[in-house]
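A look at the structure
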Amino acid sequence: MTSLKRMKGIAISRPIIYGNSATPLNGKKVGDSDHTHRWTISVRGINNEDISYFVRKVAFKLHDTYDNPNRVIEKPPFEVTETGWGEFDIIIKIHFVQASGEKPLTLYHRLKLHPYEEDGPGNPWPKQKPVTSYAYDEIVFNEPVDSFYNILQDNSTSNIPLKKTPHHQFSLQAEQEEIERIDKAIKTTAQEIAKHRERCKRLEAELSAK
Ligand code: SLL
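Residues numbered from 1 in each chain as written. Predicted model: local features only at pLDDT ≥ 70, side-chain atom pairs only at ≥ 80, totals over all residues. Heavy atoms only, no water.

Quick notes on the site of the ligand
By nearness alone, every residue bordering the ligand is listed as H35, H63, T65, Y66, G84, W85, G86, E87 and F88. The contact in question runs from a nitrogen atom of the ligand to an N or O atom on the side chain of T65, over 2.9 Å. Residue W85 places a main-chain N or O atom 2.8 Å away from an oxygen atom belonging to the ligand. For the ligand, whose unbound accessible area comes to 460 Å², protein coverage reaches 67%. (Near = heavy atom within 4 Å. Polar contact = N/O pair within 3.5 Å; in protein donor to acceptor, adjacent residues only side chain to side chain. Areas by Shrake-Rupley, 256 points an atom, 1.4 Å probe, with all protein chains shown as cover.)

In structure tokens form, the structure reads like this:
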């Protein structure tokens, strides 16, 4: 008998990475379709940790132009590979193991097929290079039932890596760099605002002197 007692004042979280990669088909026809890309949408643990100890199934709701748009994946890897021609929002519903007593969690991901940035400053995106769009998130379980808390504690293997590597897009180093970028942007914005305020004041003074 699993206990359904909730642990007061306790929160525990688990990291996930979700999103898609896409490669162009380069004219290779899929049946008689006008598809241009092959893509894979997935929900994973960090360091490819198997998340099935707390995730029971993942439902991916695709665009209605697809046959059977509701794809339910009941075991890892929790992913769907398809071909297509367009970008659209995918609704991802994560169902947790029965013992958790948790409601499913809904996430949204915009399928990305086309590169919107350069491949480093001044370099166009190489034709064959996969386009990726992944997000790192932490699922927080507030006041979990104690049996689920134990499952989470006993099975966790991975921590977010310290250093950024080609295989670890999400790391403490990447987080730190992002924080520094945001700090810099906040400073630049504040300077711009101050500059424009000054200019407004000057113009107003000029006007009232006329
Ligand atoms: C767009 N609003 O116009 C979006 C819709 C739909 C993508 C994108 C079809 C796959 C199939 C497909 O790629 N749909 O026919 O099986 O860009």
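Brief notes about the environment of Q169
For Q169, the position within the fold is in the loop between α1 (146-155) and α2 (172-209). Exposure remark for Q169: the relative accessible area of 45% places this residue in the partly exposed category. Remark: the alpha-carbon pair of Q169 and Y136, spanning 33 residues in sequence, is separated by 9.2 Å. In contact with Q169, not counting residues within four places along its chain, are Y134, K164 and A174. (Helix = DSSP H or I, 4+ residues; strand = E, 2+ residues; numbered from the N terminus. Buried < 20%, exposed > 50% of the residue type's maximum accessible area, 1.4 Å probe, protein only. Contact = heavy atoms within 4.5 Å.)

Examining the pattern of salt bridges
According to the stated counting rule, one finds nine salt bridges in the structure shown. Linking R6 and E102 is a salt bridge whose minimum nitrogen-to-oxygen distance equals 3.5 Å. Pair noted here: R6 is in the segment before β1 (11-24) and E102 is in the loop between β6 (89-96) and β7 (105-110), with a separation of 96 residues, a long-range link. Across the pair K195 and E192 runs a salt bridge whose closest N-O atoms are separated by 3.1 Å. Here K195 pairs with E192, and both are found in helix α2, just three residues apart, close to one helical turn. (Salt bridge = Lys/Arg side-chain N within 4 Å of Asp/Glu carboxyl O.)

So, the sheet that holds β6
Within the open sheet, the four strands sit side by side as β4-β3-β6-β7. Their pairing is antiparallel. The open sheet has two edge strands with one neighbour each: β4 (70-73) and β7. Going from strand to strand, the sheet's axes swing by 20° on average, the running direction of each strand aside. Pairing geometry for β6 and β7, over six bridges, is antiparallel. Residue pairing for β7: I90 is matched across the bridge by H109. (Pairing = 2+ DSSP bridges. Axes fitted to C-alpha atoms, helices over the stretch in contact; angles between N-to-C directions.)

Describing the pairing of β6
In terms of strand pairing, strand β3 (residues 55-61) meets β6 through six bridges, oriented antiparallel. Its bridge partner being in β6, V55 is matched across the sheet by F96.

Things to note about the environment of V145
Considering the arrangement of structural elements, one finds V145 in the loop between β8 (131-142) and α1. For V145, a relative accessible area of 2% gives the class buried. Along the backbone, V145 and S100 are 45 residues apart, and their C-alpha atoms lie at a distance of 6.6 Å.

A word on α1
Along an α-helix, residues three or four apart share an orientation, since each turn contains 3.6 residues. Within the sequence span of α1, burial applies to S147, F148, Y149 and L152. Elements in contact with the buried residues of α1: β1 and β8.

Details of the sheet that holds β8
The strand order β5-β2-β1-β8 describes an open sheet built from four strands, whose pairing is antiparallel. What marks the edges here is a single partner per strand, and that holds for β5 (78-84) and β8. For this sheet the average axis-to-axis angle between neighbouring strands, irrespective of direction, equals 15°. Taken strand by strand, α1 contacts β1 and β8, and its axis lies near 60° from that of β1.

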